[in-house]
Amino acid sequence: MISRRPASRCAVSSVRRACALAAVLLGVILSTWAGLAPEAGAAGAVAAHWDLESRPAPTNLQPGHEGMIVVTASNIGDASATGTTEVLDKLPNGIKAKSTTSKIEGFGKGALPTSCPVASGTEVTCKVTGEIRPYEEFQIEISIEVASTAGSDSEAEANNDVTVTGAAHSELKRPVIFSGEPTPFGVEAYELTPETEAFTTDTQAGSHPFQLTTTFNLNELFAPEDGSKGVAEELPAAPALQKDLTFKLPAGLIGNVNAMPECADADFGADGEEGVDGCRSETAIGVASAAVNVENAVHFHTFTVPVFNLVPAAGEPARFGFVVDHVPIVLNTKVRTGEDYGVTVSTQYTSSAVQVLGSRVTFWGVPNDPRHNSSRGWTCFGLGSPGYKLENPCVSDSVEPTQPPKPFLLLPAECEAPLSTQVSGDAWGAGGVLVAPGHSAKAIGEVEIPGENPTPMEGCGNLPSFGPSLQVHPDSESASTPTGLTVQVSVPQTTTLEVGGLSEPDVKSTKLVLPEGLQASPAAATGLSTCSVGAAGFLGQDTDTGEALQGELIAQSFSSGPASCPEEAKIGTVNIKTPVLKEEVVGSVYLASQDTNPFTSPLVLYIIAEEPTSKVLVKLAGEVKMDPVTGQLTSLFSKTPQTPFETLTLHLHSGPRASQSTPAHCGEYQANATFTTWSEATATERASNGSEFNITSGPDGSPCPGATLPFGPGFQAGSTNNQAAAFSPFTLTINKPDGQQSLTSITAQLPPGLSAEIASVTPCGNAKAIEALPTLTKTEFPCGEASLIGHTTSSSGLGGEPVTLPGKLYLTEGVDGAPFGLLAVTDATKVGATSANLNGTFNVGYVNVLSTISVN
């Protein structure tokens, strides 16, 4: 005979018990990097809704032994179930019912269970007449015998079928496992289900579900415990005590903690007359239930408590809290920075003083919807006392929210992937790691266990038409001038913020094509540093082998910690305005180390930005390609986070060392961007509105140049020693003012009488081989010091601070019919090198120019 102990004060520490409860409830606390907002529509009709569970103890039912099946019908709707409620359990072949016990786990003076007759040992029917309030549970414990031949006819798995009828109808087919193997520490059930206001599964991508319920149950044993009269009886128990648990919630599942009031720390920590916190009911965000076994105390019992939205501490994305047996529990969450930017909830070193068997958490899609008034706050749950009965709950405190309804939950706007979630963890001592349903404890190492029945997202075609806009404006309107540059991408979020509306499709990738003529400025390299892979925390390459890693997020895989990029690598700022956080995400744009794997372009940018209050950190990498003929720039950022944003503003620094330079001619120029979204099954580029800007003057405010740029290079030449018939160095300097045509060839004729002692130099041979040298990568030349006759200095870039590059000048044998040649080798392996940055910013290799020397 199995009996229930009445609820009583635990002999074991309340704090320990509550901490253990937190371990499981953490697994079902929902998203935090969050946000939606404004106005809501009118509430619909209220209704009861059944959530069914069937949990065998032990989880691995051993043939020839006894056990128990606990069936729970929980009303997680927004209205009471009245009249007659009937629960029918059809046991699978190989299981025979011996006896039953039923109970209402609740807080109102409502329904009382009747007897539960057993038909032929295979069916159990329980009826109850009266009121079952929202979040009250009708529990049935079925003492069973397992046949010695159970599971031997076919597979060692069958279904236990449960049906509930009355105020609402629901059915459940739950597998039971027949096995002689011991039950391991593992997951018996883990499922996340979004529902509409009609309590059907919400599969519409980008919608606001009415509520979202997560169930997390651990495997169970069937173990003897001392009863109140000292007689041992068998009850559900845990095979091990959880230590660390980690829950990865789906990417794109958004929860908006800004949509409702917050409970202050002083109120949450208060211990009132009833022994509960002082959070007002309008800060309630949902309801949590946990099944526990506390030996020598309440034994096998379910606690049901409200969950409150708390004021986050500095550095926390969000904070939630609940109280169990007078003990406040605080939960916070973390965004998966550098991965898919979903939310991970974890707990470590949980208490071993109590056995937590499972939990269910329901979060309301619109918490301040009046339909939740019957379940809002402590007065709806007996003020935290399991044995407390209320004639008329929910009458104290201000049940009616003071703000109009606002949405809290938003489903991902993606139809290609279902609403998947994973859990992993380990147990104290030799309990091992958490194993998947139906698996043994022989697995080595911690694994991520997927949730059951992930909800498929569909209806992406119903989302609003994607209509981003683009603005690109240089800081200067003068031609041929170093300039800062502002790029702003705007995505309207009107319907994203409406109750009953659907979200705007989330941007997945952005390709920006700057107009021809708006080019990178070489002058930016002077004094500029780069951010290394390690400093940015970029995981796109194997740090041991340098080979590109493979994987879905290969181009956007970062460590979750802060970056340590040097200030000298910063080339701009970024601001991201999003409805999902309280403040703008602000940060910097850094130049990455050249040729960063796995990007094909040598130019890579890092965007690293953080929300000041929550410390939500965003890390993105994008590549910039340069047309080798025209110099036109194209940037691409891929696999950006699945979250709505209103504006993204990127500003590249201005000044003489700005990273951009304006076109050489006056006129109108247009930049263009194309986007892909997460809502499309296949990548389809969607063009934005073009962004136009004007160049209105020449350099330094001079008149606009005509169709053909002027050409008037400067020229200086001469020896440093004016003594006749003396040896002297000779210097030739040619300069091209900003805004003029580029040089394509130079012919210099020395004055009569100025000659060279060629016989004292050994010309470098094999001129044809020299002419065929690679321009960018050759580091060794056939010309030695005996052929060296001088040095070169090259200055590149617009404005008053161009980048300067050293070089060497060699005499060669005849070239193209001329008796001698000149080889100018410019060292561009350390572009922008300074005393503080000896290696420079870029390695362009060696630039080799071969010329001829003719003698009259």
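Residues numbered from 1 in each chain as written. Predicted model: local features only at pLDDT ≥ 70, side-chain atom pairs only at ≥ 80, totals over all residues. Heavy atoms only, no water.

S.K.: An account of the overall build of the protein chain is needed here, citing residue identities and associated values.
M.R.: When you go through the protein chain residue by residue, the secondary structure sums to four helices and 48 strands. In the protein chain, buried positions account for 51% of the 856 residues. Of all intrachain contacts in the protein chain linking residues separated by at least 6 positions in sequence, the fraction that spans at least 24 positions is 72%. Accessible area for the protein chain stands at about 36,300 Å²; split by element, carbon and sulfur atoms hold 51% of it. (Helix = DSSP H or I, 4+ residues; strand = E, 2+ residues; numbered from the N terminus. Buried < 20%, exposed > 50% of the residue type's maximum accessible area, 1.4 Å probe, protein only. Contact = heavy atoms within 4.5 Å. Areas by Shrake-Rupley, 256 points an atom, 1.4 Å probe, with all protein chains shown as cover.)

S.K.: Pulling in residues and values, what's your account of the nonpolar core?
M.R.: F216, F320, F363, V423 and L434 are the most contacted members of the largest nonpolar core, which totals 57 residues. Not counting the four nearest positions on each side in its chain, L434 is found in contact with F185, G186, V187, L218, L245, V423, S424, G425, D426, V447 and I449. Among the nonpolar cores identified, the runner-up in size contains 44 residues, and Y341, V487, I571 and V624 belong to it. (Core = buried A, V, L, I, M, F, W, Y, C linked by side-chain atoms within 4.5 Å.)

S.K.: Describe unusual backbone geometry, and please don't skip the residues or the numbers.
M.R.: One can expect most non-glycine residues to show negative phi and most peptide bonds to be in trans. Following A57, the chain continues into P58 via a peptide bond in cis, with omega recorded as 0 degrees. Within the secondary structure, P58 is located in the loop between β1 (50–57) and β2 (60–61). Phi at S120 takes a positive value of approximately 55 degrees, unusual for a residue other than glycine. Of note, K639 is a non-glycine position whose phi angle comes to about 50 degrees, a positive value.

S.K.: Can you lay out the state of the cysteines for me, pointing to particular residues and giving the numbers?
M.R.: Under the definition given, this model contains six disulfides. A sulfur-sulfur distance of 2.1 Å marks the disulfide that ties C415 to C460. Because the torsion about its S-S bond is 110 degrees, the bridge between C415 and C460 counts as right-handed. Linking C415 in the loop between β25 (409–410) and β26 (422–427) with C460 in the loop between β27 (449–450) and β28 (469–474), this pair joins segments that are 45 residues apart in sequence. Put simply, C666 and C704 are joined by a disulfide, and their sulfur atoms are 2.0 Å apart. Between C666 and C704 the disulfide shows an S-S torsion of about -90 degrees. By sign, it is left-handed. Within this pair, whereas C666 is found in the loop between β39 (660–661) and β40 (667–677), its partner C704 is found in the loop between β42 (691–695) and β43 (714–719), the two being separated by 38 residues in sequence. (Disulfide = S-S within 2.5 Å.)

S.K.: Run through the confidence of the model for the protein chain, naming residues and quoting values.
M.R.: For the protein chain, per-residue confidence averages 82 on the pLDDT scale, and residues scoring 70 or more make up 84% of the total. The low-confidence segment residues 1–43, where pLDDT is below 50, has 178 contacts with residues more than four positions distant or belonging to other chains. (pLDDT = per-residue confidence, 0-100.)

S.K.: So what about the sheet that holds β39? Which residues, and what values?
M.R.: Taken together, the three strands give an open sheet; going across it, the order is β29-β39-β32, and neighbouring strands pair in antiparallel fashion. Each edge of the sheet is formed by a strand with only one pairing partner; in this case those strands are β29 (482–483) and β32 (519–520). As paired strands, β29 and β39 are joined by two bridges and run antiparallel to one another. Of the residues in β39, the one forming a bridge with P482 is S661. (Pairing = 2+ DSSP bridges.)

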